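Single-letter residue listing:
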Amino acid sequence: RDRVTMVGPVPAGRPPLPEPEPCGSFRRYLARLGALRPQPGAERPDGDRRTELHLLFDQLISESCGPAPADVCALLAQACQLVHLDQEHLVSKVCQLIHHLLNRFQVMVDEQNLNFLLSYCISALKQCSSWTHVEILQALAALVYNNGPKCQKYLPDLLGKTGLLLQFSDSAQPDVELRRAAVRSMANLCLSVPGQPYLDESYRSVCFQTFLSVLQSSKTSDVDDITFCMLLQNALKGIQSLLNGGKMKLMQTDQIGSLLAVLKKCMFHGLPGLSIEMPTALYPAPLPQYDKRSPVKQEQSEPATFKQKKSKGKQKKGEFGEEGKEGLGDAGNESVLGADMLKLHLGDVQNSPCSDPRTRDHLSSHYTSWKRISSSESEYSDAEGGIQSKMRSYQANVRQGALACFLSAIKSIEKRVLYGYWSAFVPDAPGIGSPQSVSLMTIALKDPSPKTRACALQVLSAILEGSKQFLSVAEDANDHKRAFTPFSVTIASSIRELHRCLLLALVAESSSQTLTQIVKCLANLVSNVPYSRLKPGLLTRVWNQIKPYICHKDVNVRVSSLTLLGAIVSVQAPLPEVQLLLQQPSSSGLNNSGSATPHRFNSSEQWRKALPSEGEPPDNPAGCTSSEPCWLLRLCVSIIVLPREDSYSDSDANFPSFSSVYEPCPLRLESLQVLALLVKGYFPMAQSYFLELGEVACRCMEEMDPSIQLHGAKLLEELGTGVLQQYKPDSAVAPDQRVPVSVVTFWTMMLNGPLPGTLQNSPHATLQTSACDALSSILPEAFSSLQNDQQILCVTLLLGLNHSENPLVKAAAARALGVYILFSCLRQDVMFVADTANAILNSLHDKSPNVRAKAAWSLGNLTDTLIINMETMGQSFQEEFSDLLLLKMLRSATEASKDRDKVKSNAVRALGNVLHFLQPYHIANPRFREAIEESLQALISTVQSEATMKVRWNACYALGNVFKNPALPLGEAPWTTQAYSALSSVVKSCKNFKVRIKSAMALSIPSKRECYGSTEQFCQIWSALVIALQKSEDTEDFLEFKYSASLRTQICQALLHLLSLARSTDLPVIWETITENGDAIKSYVLQYLKSGVEENEAGMHTDSYERERVLKGAIEHLGGIEKQLEGKARVRVSAYLEDVLTNHANATELTEA
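Here's what I pulled together on the structure shown here.

Conventions used here
- Residues numbered from 1 in each chain as written.
- Predicted model: local features only at pLDDT ≥ 70, side-chain atom pairs only at ≥ 80, totals over all residues.
- Heavy atoms only, no water.
- Helix = DSSP H or I, 4+ residues; strand = E, 2+ residues; numbered from the N terminus.
- Contact = heavy atoms within 4.5 Å.
- Areas by Shrake-Rupley, 256 points an atom, 1.4 Å probe, with all protein chains shown as cover.
- Buried < 20%, exposed > 50% of the residue type's maximum accessible area, 1.4 Å probe, protein only.
- Salt bridge = Lys/Arg side-chain N within 4 Å of Asp/Glu carboxyl O.
- Patch = residues over 30% accessible without salt bridge, like charges linked within 9 Å, V, L, I, M, F, W, Y side chains within 5 Å.
- Lys, Arg positive; Asp, Glu negative; His and termini not counted.
- Charge placed at Lys NZ, Arg CZ, Asp CG, Glu CD.
- Axes fitted to C-alpha atoms, helices over the stretch in contact; angles between N-to-C directions.
- Left-handed = near helix turned anticlockwise from the far one by under 90°.
- Nonpolar A, V, L, I, M, F, W, Y, C, P; charged D, E, K, R; others polar.
- Expected span 1.5 Å × (residues − 1).
- Core = buried A, V, L, I, M, F, W, Y, C linked by side-chain atoms within 4.5 Å.
- Phe/Tyr/Trp six-rings, centres within 6.5 Å; stacked < 30°, edge-to-face > 60°.

### Let's talk about the overall build of the chain
For step 1, the next point in the chain: Looking only at helices and strands, the chain features 54 helices and 4 strands.
For step 2, the next point in the chain: Nonlocal contacts in the chain, meaning residues at least 24 apart in sequence, comprise 74% of its contacts between residues at least 6 apart.
For step 3, the next point in the chain: Within the structure as shown, the chain displays about 50600 Å² of accessible surface, and the carbon and sulfur contribution to it stands at 52%.

Next comes the structure, spelled out in structure tokens:
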């Protein structure tokens, strides 16, 4: 025994002796504990045993050697076995030991020992005196930490109706330390463990209410500030765990309102100069409710929700304004920072000395001292100052905890619900004579802790994320002179205030990390604001103020500044305001930006001189009136291609690529993204540098870093797409303003450069995918001008990649083939069409849904080319095309029409085309017969299905295509009845009017009466169209109304088409419907005749003369039939139509007169 007791802690000041094994000392402690077990027949005096245990526990608490977790668990279990619950001092000590060892060595307790130790702690809480409870609860908190799922059987004891933790955390609990320990245990129980079941709903609800009541409680005078802060912190952590781990969805208004109220209260906890009394709940409303700041000299009788503390210490003159003290500044102040300190109008901010981060030291120090001023600082001794400093640190932790919790709450609340509370957290412009409301920006501008400021900005960013729809109502472009302020103007004013405050924060911020958050928040704001509905100027201020930060010493600030510029050039592009900014000379807005900036920009001239001069851009390209190159474009290119000049900051070391000659990788990547966005949104501006940008993309794709290569490929794709958009038939760009078709130079450079190598050899699938997309963005005219070997190279690469094992690459290759098949120089090549068809059909059976969807789209395009070739090349192409391949396409498309909707919508399009393409000898072929029948059944069932509207629209379109093939036995075959029945049902009742239009169009395609089959069938179609005409305004969805006129036009065309084909046997039913609904039909047909030039769904212009001609044709046809009939009935239908025509003619004469 003596040998064992010699082991103790290493004396202070002496280095510890090397252990033969790391857990050797713990094994010895275990042995000592074992020796203290009562041995039968060798009982020792109880006093000795207690003393030895006290000594042993003290030594263990001071132990620094890292033990094995199993040893710690065994030791704690053994220690608890030796300490009876009536030995309260030892119980307290052993609980301290549990708390200390588990926290110090981060030990996870195994289930067996956990059960024993938890039972021990719960029994101790029930039996021991109250003075031991805090230590026991601390031990309990350490035991349940990350062990929640293993504690299920103890939850009734802890969280049940009379649960121990509920008793100790009750608001009536006088001992705050005890309450804090109980709340901490409860918070630890709420932590989730991945892959394990979470707390039951009943326990979650109990915990949530407990945490909420803790946060709602006020600090009483007898409670220590720091203890109260720790209590709040634990409750905030508990709520955060419930929101994160329990995937808790906050649905009830009272629950959301109560939580947001306490979070708002806590996020201002201890903020100097601000004391907030919050209501117990916030309520959703579009306008500010509670944030009414009271004047300092307020009458006591007035109710005030916000009070200002009077400063205890004497104020020095000049530190604050006369009235404002430490508040947010009064109504006359230009900024939150106080009128005397920063008289800063955002319009001319670039001319202020603080525009450049490098020349801001004097401001930063002034601002920092202002931020850090506390009424307490001048009148405390050093010791008291230390306590004050510690207290401020704990208060900042509460604010950070509340903001972190708010961040989790945002993810748990539906965005449309969250925006009801917008005015409680986002600043609004103060009205005349009223003070600024407190919001997240108050913290971002006033909080002394940079970390808390950054947290507030993160929360604001999360609120702004996805706010595009909410903010889209904002409008202040027109001056509203009304008795009330419209909601759109209120939101617009809030947006302006957000811009103003964030730009103030940008100027005033000294911490690089927080600065990064400000810029990210600005980028999020810019991405979601509808600038086209607001007065211009907001983006100009952001643009001018962010410019100097591109050269900030911290790389993260530079990267986020580029992200912000990227957001500006991508939001609602092209915006006139941004076009003007891009045309500004590079010196604009950089007047006082320090000597480093201009020479950096000037050096970017090198990249232009070094590049090939072939294919010079036009003298005055569209949209580029400035003689100087675009500043942003030059900046990005210089960052990407020029060697770095000097080191910017220590944070550069975070980026491994900094050992290279170029700028840090994140900076170059962001520059490439900005260039891609610039090309996408402002192509007329970028096209002046078309070849140069191509060179940049080439250089990036030749580098070793896959991420640089990837963004180089994306830039290349945007350049290709920009040219494609200019050459589209509906393009508004004049031919002389387009990139010349000598764009061949550009693509030759790419195909002789890194593009083929990237496509063939790259181990990076994403890069190959992007390179594939880039290759598919080639202009068809440019492709046909490429040399023959380069054309073959492109086609061979794509056909080869179609066999890739990677689904991303395979999908991109299948899509690219779908683009190439439409090129006029390729589509007439039967061999290429056949190779492409085989490749696409292979992808159509892939296990990846994305590959199948892309392959189906390409198959649709391929079958479109079959129809074009049939119409342009005639019989020769049809005969050359393989029958076997055609049959394979028919079967594959039929199979694909049963796939998911994304595949199905293009599969049915392909089916319609193939069935249209079939020749009489195909239809007569027995091998085709079954496939044709199956494919028709697939189309009919798709029209009738509950699939998405796009799928049904395509299926109706496909049936219309089928009806165009004169070789098919339309009107005779049994499937004809099913097809007409399906289309008749859709035209009457489909919710989507576009689908109804397409079905009406399909019904009007057969050109002969026999195609419509029997009299009964013809009359059913006629009746369905009449009903559809009368129902053309019936819809539950308001958005469908805009298509109702097009629907009526299409139905009237179909009815007139049927009338012009009708037989004598059809007339009785036609006359019956006219007798019943004549007036309604007449009014719709008159409306159709007078609607003039109107574009119908097929994109064909049908003027009123054409419509009259069709009507006259129907009258003539019916008149001829009716003459052959005997009796009174014969003149009725034609006479009815003549009456309609006469009415139309009279109305037209009146209009012209």
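### What to know about the environment of S493
For step 1, the next point in the chain: Among the secondary structure elements, S493 is positioned in helix α21 (residues 487-508).
For step 2, the next point in the chain: For the pair formed by S493 and P427, sequence separation is 66 residues and the distance between their alpha carbons is 9.3 Å.
For step 3, the next point in the chain: Beyond its immediate stretch of four places on either side in the chain, S493 contacts D428 and A429.

### Re unusual backbone geometry
For step 1, the next point in the chain: Each neighbour pair has its own omega, and for A573 with P574 the value is -5°, a cis peptide bond.
For step 2, the next point in the chain: Note on placement: P574 falls in the loop between α24 (555-570) and α25 (576-583).
For step 3, the next point in the chain: Positioned with a positive phi, N146 is a non-glycine residue whose angle comes to about 60°.
For step 4, the next point in the chain: Here N146 lies in the loop between α7 (133-144) and α8 (155-159).
For step 5, the next point in the chain: Residue classification places N146 among the partly exposed residues on the basis of a relative accessible area of 27%.
For step 6, the next point in the chain: For Q572, which is not glycine, the phi dihedral falls at a positive 45°.
For step 7, the next point in the chain: The residue Q572 is located in the loop between α24 and α25 in this model.

### With respect to the pattern of salt bridges
For step 1, the next point in the chain: Applying the stated criterion across every chain, the model contains 18 salt bridges.
For step 2, the next point in the chain: For R668, the salt bridge goes to E703, with nearest N and O atoms at 2.5 Å. Taken together, the residues R668 in helix α29 (residues 665-681) and E703 in the loop between α31 (690-701) and α32 (706-726) connect sequence positions 35 residues apart. Exposure class is identical for R668 and E703. Each is buried.

### Remarks on a negative patch on the surface
For step 1, the next point in the chain: A surface patch of like charges, here negative, comprises E895, E930, E933 and E934.
For step 2, the next point in the chain: Sort the elements by how many residues they give to the negative patch and helix α46 (residues 926-944) lands first, with 3 residues.
For step 3, the next point in the chain: Secondary-structure assignment places E934 in helix α46.

### A short note on the packing of helix α28 (residues 631-641) against α29
For step 1, the next point in the chain: Direction vectors running N to C along α28 and α29 enclose 145°, while the axes themselves pass 9 Å from each other. The two elements α28 and α29 meet at a crossing, and its hand is left-handed. Listed contacts from α29 to L632, L633, C636, V637, I639 and I640 of α28 are L667, R668, S671, L672, V674, L675 and L678.
For step 2, the next point in the chain: Partitioning the contact of α28 with α29 into residue classes produces 11 nonpolar, 1 polar and 1 charged.

### Quick notes on helix α13 (residues 253-266)
For step 1, the next point in the chain: Given a rise of 1.5 Å per residue, 14 residues ought to cover 20 Å, and the 20 Å separating the end C-alpha atoms of α13 matches this to within 8%.
For step 2, the next point in the chain: Within α13, 11 of the 14 residues are buried, which leaves it mostly tucked inside the rest of the structure.
For step 3, the next point in the chain: For α13, every residue scored as buried is listed here: Q255, I256, G257, S258, L259, L260, A261, V262, L263, K264 and C266.

### Things to note about the nonpolar core
For step 1, the next point in the chain: One finds L632 and Y820 to be the most contacted residues of the largest nonpolar core, which totals 355 residues.
For step 2, the next point in the chain: A total of 10 residues in this core trace back to one element, the largest contributor, which is α21.
For step 3, the next point in the chain: Setting aside its immediate chain neighbours within four residues, Y820 contacts L775, S776, I778, F783, C794, V795, L798, L826 and F832.

### A few points about the packing of aromatic side chains
For step 1, the next point in the chain: Evaluated as defined, the whole model comprises 18 aromatic pairs.
For step 2, the next point in the chain: Judged by centre distance (6.2 Å) and plane angle (80°), the rings of F683 and F690 are edge-to-face.
For step 3, the next point in the chain: Classification of F683 by relative accessible area gives buried; the value is 6%.
For step 4, the next point in the chain: A centroid spacing of 5.3 Å and a plane angle of 90° characterise the contact between F746 and W747, whose relative ring orientation is edge-to-face. Of the two residues examined, F746 and W747, each falls in the buried class.
For step 5, the next point in the chain: One aromatic cluster is present, built from ring pairs that chain together Y419, W422, F470 and F487.

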